Amino acid sequence: MPINENRKVAFITLGCKVNQYETNAMTQKFIESGYEAVSHHEKADIYVVNTCTVTNMSDRKSRQMLRRVKDLNKNSILVACGCYVQVAKDELEKIEEIDIVLGNNEKNNIVEYVENYIKENQKSIQIEDVMYQKEFVDFGDVTYTEKTRAVIKVQDGCDRFCSYCIIPYARGRVRSRNPKNVISEIQKIAKEGIKEVVITGIHVASYGKDFKKDYRLIDLLEEINRIEGIQRIRLGSIEPLLITEDFMERLIKLEKICHHFHLSLQSGCDETLKRMNRRYTTKEFINIVNILRKYYKDVILTTDIIVGFPGETQEEFNKTYEFLKQIKFYKMHIFKYSPRKGTKAAQMKEQINGNVKEERSQKLIQLSDENEKEYNKEYIGQEIEVLFEEEKDGIYKGHTKNYILAYCKTSKNLENRIVKTKCKQTQKDHIVVEL
């Protein structure tokens, strides 16, 4: 009997879009090898937990999932992989339920490691030091996707070493994917009927930095824009300093680019930014925002903010708050700082009290909610195109080109269609549209 006979595999993915892409890639490899992919809520023979380590909460969720996932099938094989695995080998040894441990560079060969385990029934730990990895690990063309929007990984690693961030140690240095492979994958995605691609990586703005030839992210985007069938190109989280006049003069010519930019700010106070080892000032950031709003009148800007970073005084927080009021982001993802072992910030004095972090967090969440409502109201009565992605109870959900969430109640089949609609009203976190 073949080793994969009637075997089912399920995935749990934590963290970023890069992890989601790699989960899709691993799922595809299992399917191509004859396994059946099922939901992690179902009984499976193999469970794969693709972990995250960006915050202490991410670590905790990763550990919880790894301890609970075998509840549906005690005899299943449990594979732990991803960023938490890469930086927490000692902690993983305490979790008895794990059968196979794979670092980020080993995900590509996951089927081989699982089948070796089935033959030998011996726990396997495969973790290379990613800091020595110089080449991009390419999964090949990944066409498996659960949604109408496909995530495309073009880059891995980060050379920035922000003082609070563990990710460079989990992902290694900047490595860029061969543009020919990116284009090949997206061409196949387009033939599958996918209309929107999200270009993502650990530090997308660094794409091409490691190439010998002069080829950067904007060159890649120009090639993607020419691919027939793809109607939307969305950028994942980007380094603010990517945005310059020269970059925008080329980007504005690409009609498929979505007018939504997630600029990771982290703080609106120069003193805090310096301790974080962010490489821009608030003045530079304002200039970047002004450039974007000059070229795209309907641009939507979102961001990440850390509150309670070591040494953040009330005065520094107030500067951040006023700066955020000035920028007026559409939405802000607020994180309470938590020390990450192995980072410089964890060793800093003046760690902030948890109650202070919570108070500051709530104040910024309220500001974010107010901004979102105010933006959404501006669309009432306007015509707007929506790519509808899924349906539940007769209500279709999708996103506008600038990433506003839209709901539409209809009996028509709108899935994976870009449709002109009219904004009827707004709700807490979305707009309601009609055909």
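Quick caveat, the model's predicted, so the values are computed rather than measured.

Chemist: How do you make sense of the environment of S267 when you look at a structure like this?
Modeler: With respect to the helices and strands, S267 occurs in the loop between strand 11 (260–262) and helix 10 (270–276). Each C-alpha atom of the pair S267 and D138 lies 34 Å from the other, and the pair is 129 residues apart in sequence. Those residues in contact with S267, other than ones at most four positions away along the chain, are T272, L273, M276, I305 and T320. Within the structure, S267 has its side chain in polar contact with the side chain of T320 (distance 3.3 Å).

Chemist: Looking at this model, I keep getting lost on the pairing of strand 7 (residues 149–156). Mind explaining?
Modeler: In regular strands, side chains alternate between the two faces of the sheet. Across the eight residues that make up strand 7, a large majority, eight, are buried. Pairing between strand 7 and strand 9 (residues 196–201): six bridges, direction parallel. Bridge pairing links Q155 to G201 in strand 9. Note: strand 7 against strand 8 (residues 175–176), two bridges, orientation antiparallel. Looking at strand 8, one finds that D156 is bridged to R175.

Chemist: Which parts of the structure should I look at to understand the nonpolar core?
Modeler: Nonpolar side chains in soluble globular proteins tend to be buried together. Counting 60 residues, the largest nonpolar core has V197, I199, L221, L251 and F261 as its most contacted members. Element by element, the count of residues in this core is highest for helix 11 (residues 282–295), at seven residues. Counting residues in hydrophobic clusters, the runner-up holds 23 residues, among them I46, I110, V142 and V151.

Chemist: Is there a simple way to explain the sheet that holds strand 12 (residues 300–307) in this structure?
Modeler: Neighbouring strands of a sheet are bound in pairs by backbone hydrogen bonds; such pairs are parallel or else antiparallel. Taken in spatial order, the three strands line up as 11-12-13 in an open sheet, and their pairing is parallel. Unpaired on one side and paired on the other, strand 11 and strand 13 (331–336) mark the two borders of the sheet. With strand direction ignored, the average angle separating the axes of adjacent strands in the sheet is 15°. Packed onto the sheet, helix 13 (residues 354–377) meets strand 12 and strand 13 and runs at close to 170° relative to strand 13.

Chemist: What is the right way to read the pattern of salt bridges from this model?
Modeler: Opposite charge on two side chains makes pairing possible when the charged atoms of those side chains draw close. Summed over the entire model, instances satisfying the criterion amount to 29 salt bridges. One salt bridge in this structure joins R275 and E316, with 2.8 Å as the shortest N-O distance. With R275 in helix 10 and E316 in helix 12 (residues 314–327), the pair connects residues that are 41 residues apart, well separated along the chain. A network of salt bridges, in which partner residues are shared, links E22, K107, K153, D156, R171 and R175.

Chemist: What exactly am I supposed to notice about the state of the cysteines here?
Modeler: Two cysteines whose sulfur atoms are joined by a covalent bond form what is called a disulfide. By the definition in use, this model includes zero disulfides. Cysteine C162 is unpaired, with the sulfur of C165 as its nearest cysteine sulfur at 6.2 Å.

Chemist: Explain the packing of aromatic side chains here, please?
Modeler: The relation between two aromatic rings is expressed through the spacing of the ring centres and the mutual angle of the planes. The full count for this structure, using the stated rule, is 15 aromatic pairs. Here the aromatic rings of F30 and Y35 are separated by 5.1 Å at their centres, their planes lie at 85°, and the arrangement is edge-to-face. By relative accessible area, Y35 is classed as buried at 4%. Relative to F309, the ring of Y164 lies with its centre 6.3 Å away and its plane at 85°, an arrangement referred to as edge-to-face. Pair noted here: Y164 is in the loop between strand 7 and helix 6 (167–171) and F309 is in the loop between strand 12 and helix 12, with a separation of 145 residues, a long-range link. A cation over a ring is seen here: K363 above Y321, with NZ or CZ 4.4 Å from the ring centre.

Chemist: Would you mind showing me how to read helix 12 here?
Modeler: Think of an α-helix as turning once every 3.6 residues; residues three or four places apart then point the same way. Look at helix 12: 20 Å from first C-alpha to last across 14 residues, which is about the 20 Å you get at 1.5 Å a residue. E316, F317, T320, Y321, F323, L324 and I327 are the residues of helix 12 that are buried. Taken down its axis, helix 12 places every buried residue within 165° of arc, on the same side. In this structure, helix 12 carries E315 and Q326 as exposed residues pointing more than 90 degrees from its buried face. For helix 12, the secondary structure elements touched by its buried residues are helix 10, helix 11, strand 12, strand 13 and helix 13.

Chemist: Explain the packing of helix 11 against helix 12 to me, please; I cannot follow it from the model alone.
Modeler: Packed helix pairs are characterised by how far apart their axes lie and by the angle those axes make with each other. Contact geometry for helix 11 and helix 12: axes closest at 11 Å, N-to-C directions at 15°. With respect to helix 12, the axis of helix 11 lies roughly parallel. Considering the relative orientation of helix 11 and helix 12, their crossing is right-handed. Each of T282, F285, I286, V289 and R293 in helix 11 lies in contact with helix 12, whose residues at this interface are F323, Q326 and I327.

Chemist: Please clarify how helix 7 (residues 179–191) should be interpreted in this entry.
Modeler: Its 13 residues give helix 7 an end-to-end C-alpha distance of 19 Å, which sits within 8% of 18 Å, the value for a rise of 1.5 Å per residue. Among all positions of helix 7, only P179, V182, I183, E185, I186, I189 and A190 are buried. Taken down its axis, helix 7 places every buried residue within 165° of arc, on the same side. Among the exposed residues of helix 7, those oriented more than 90 degrees off its buried face are K180 and K191. Each element contacted by the buried residues of helix 7 is listed here: helix 1 (17–32), strand 7, strand 9 and helix 8 (217–225). Among the residues of helix 7, the N-terminal cap falls to N178, whose side-chain oxygen and the backbone nitrogen of K180 are separated by 2.8 Å. Just downstream of helix 7 lies G193, where phi reads positive at about 95°.

Chemist: In this structure, what is going on with the environment of L292? I would like to understand it.
Modeler: Tracing the backbone through its elements, the reader meets L292 in helix 11. For L292, a relative accessible area of 0% puts it in the buried group. In this view, L292 contacts I243, M248, F261, L263, V299 and L301; residues no more than four positions away in its chain are not counted.

So, how was this worked out
- Residues numbered from 1 in each chain as written.
- Predicted model: local features only at pLDDT ≥ 70, side-chain atom pairs only at ≥ 80, totals over all residues.
- Heavy atoms only, no water.
- Helix = DSSP H or I, 4+ residues; strand = E, 2+ residues; numbered from the N terminus.
- Contact = heavy atoms within 4.5 Å.
- Polar contact = N/O pair within 3.5 Å; in protein donor to acceptor, adjacent residues only side chain to side chain.
- Buried < 20%, exposed > 50% of the residue type's maximum accessible area, 1.4 Å probe, protein only.
- Pairing = 2+ DSSP bridges.
- Core = buried A, V, L, I, M, F, W, Y, C linked by side-chain atoms within 4.5 Å.
- Axes fitted to C-alpha atoms, helices over the stretch in contact; angles between N-to-C directions.
- Salt bridge = Lys/Arg side-chain N within 4 Å of Asp/Glu carboxyl O.
- Disulfide = S-S within 2.5 Å.
- Phe/Tyr/Trp six-rings, centres within 6.5 Å; stacked < 30°, edge-to-face > 60°.
- Lys NZ or Arg CZ within 6 Å of the ring centre and 35° of its normal.
- Expected span 1.5 Å × (residues − 1).
- Arc of directions from axis to C-beta.
- Parallel < 35°, antiparallel > 145°, perpendicular 65-115°, else oblique.
- Left-handed = near helix turned anticlockwise from the far one by under 90°.

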